[in-house]
Amino acid sequence: MFKLGLTGGIGSGKTQVANLLAAWGADVIDTDLIAHGLTAPGGQAIEPISEMFGSDVIDHTGALDRAQMRELVFAEATRRTQLESILHPLIAQEVFRQAEQARGLYAVFVVPLLVESGRWLDRIDRLCVVDCEEATQIERVQSRNAIPLATIRRILDAQATREQRLALADDVIDNSKNTSMDQLEKQVLVLHKAWCNLAG
């Protein structure tokens, strides 16, 4: 099956693009959604996270306290590495399971840190980057989540730069500030048809 990697920085609009592709018949495997499942109450990652970081990072429902963990891991790189050592193998396992069951036109792997991880490029046939300017990323994240600006900047600093992502991209979707939903959909549809041909 043809495998597309879909990435972009925080607030770039990856989810919007993935939702369009799913509606048009692609199988979307989203590592962020998988991570959310693993860190929900009773999720596979809860116990090892609690053991490594203490029960303070688990909220009253038994889920990961994402805001607290975000502050912790983006303030201290070693803590981020520890969290990744728990989550990444579990995510990889679930990605593999979903990929095995994929029956759509092609498979889309939505991976926020695809470029940074270094593990994904040899697993995909093509890389698509959803691109926008940094100021727009910040604006979107602030309007969507109550994350302090300093934290957003730390997240951006931990991610690949716009230039690094674009240098590796086979395809680019422009989702900058002035891109309307209609314009975005037209760009994605053109690429979707091209990917269907490659998958053909």
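Above this note sits the structure.
Let me begin by describing the structure that accompanies this report.

How each quantity is defined
- Numbering of residues begins from 1 in every chain and follows the order in which that chain's sequence is written.
- With the structure being a predicted model, the display of local features is reserved for residues of pLDDT at least 70 and the display and counting of side-chain atom pairs for 80 or more, all residues being used for whole-chain, interface and lining totals.
- Only hydrogens and water are set aside when side-chain values are computed; all heavy atoms of the structure are taken into account.
- Salt bridges are defined as contacts in which a side-chain nitrogen from Lys or Arg sits within 4 Å of a carboxyl oxygen from Asp or Glu.
- Each helix is a run of H or I in the DSSP string that is no shorter than four residues. Each strand is a run of E no shorter than two, and both are numbered from the N terminus.
- Each residue's exposure class comes from its accessible area (1.4 Å probe, protein chains only) as a fraction of the maximum for that residue type: buried when under 20%, exposed when over 50%, partly exposed otherwise.
- Two strands are counted as paired when DSSP detects at least two bridges linking them.
- Charge assignment: positive for Lys and Arg, negative for Asp and Glu; neither His nor the chain ends contribute.
- Residues adjacent in sequence count toward polar contacts only when both atoms are side-chain atoms; beyond that, a polar contact is any pair of N or O atoms within 3.5 Å, and within protein one must be able to donate a hydrogen and the other to accept it.
- Working rule for contacts: check all heavy atoms of both residues, and any pair within 4.5 Å makes them a contact.

**Considering the pattern of salt bridges**
Inspection of every chain in the model, using the stated rule, returns 9 salt bridges. Note that Arg80 is salt-bridged to Glu84, the shortest N-O span being 4.0 Å. Of the two residues, Arg80 and Glu84 both sit in helix α5 (residues 77–101), 4 residues apart, roughly one turn of that helix. A relative accessible area of 25% means that Arg80 is categorised as partly exposed. A salt bridge links Arg97 to Glu94, with the shortest nitrogen-to-oxygen separation between them at 2.7 Å. With Arg97 and Glu94 both in helix α5 and 3 residues apart, the pair spans about one turn of that helix.

**Some points on the pairing of strand β4 (residues 126–131)**
In terms of residue burial, β4 counts as a mostly covered element, since 5 of its 6 residues are buried. Pairing between strand β1 (residues 3–7) and β4: 4 bridges, direction parallel. The residue of β4 that forms the bridge with Gly5 is Leu127.

**Re the side chain of Asp30**
With respect to the helices and strands, Asp30 occurs in strand β2 (residues 27–30). Buried within the structure, Asp30 lacks any salt-bridge partner; Lys14 is the closest side chain of opposite charge, at an N-O distance of 8.1 Å. In terms of polar contacts, Asp30 uses its side chain to reach the backbone amide nitrogen of Asp32, at 2.8 Å.

**Quick notes on the side chain of His192**
Along the polypeptide, His192 turns up in helix α10 (residues 181–199). Here Tyr106 takes part through its side chain, which lies 2.8 Å from a polar atom of the side chain of His192. Ignoring any residue separated from it by four or fewer positions in sequence, one finds His192 in contact with Leu21, Trp24, Leu105 and Tyr106.

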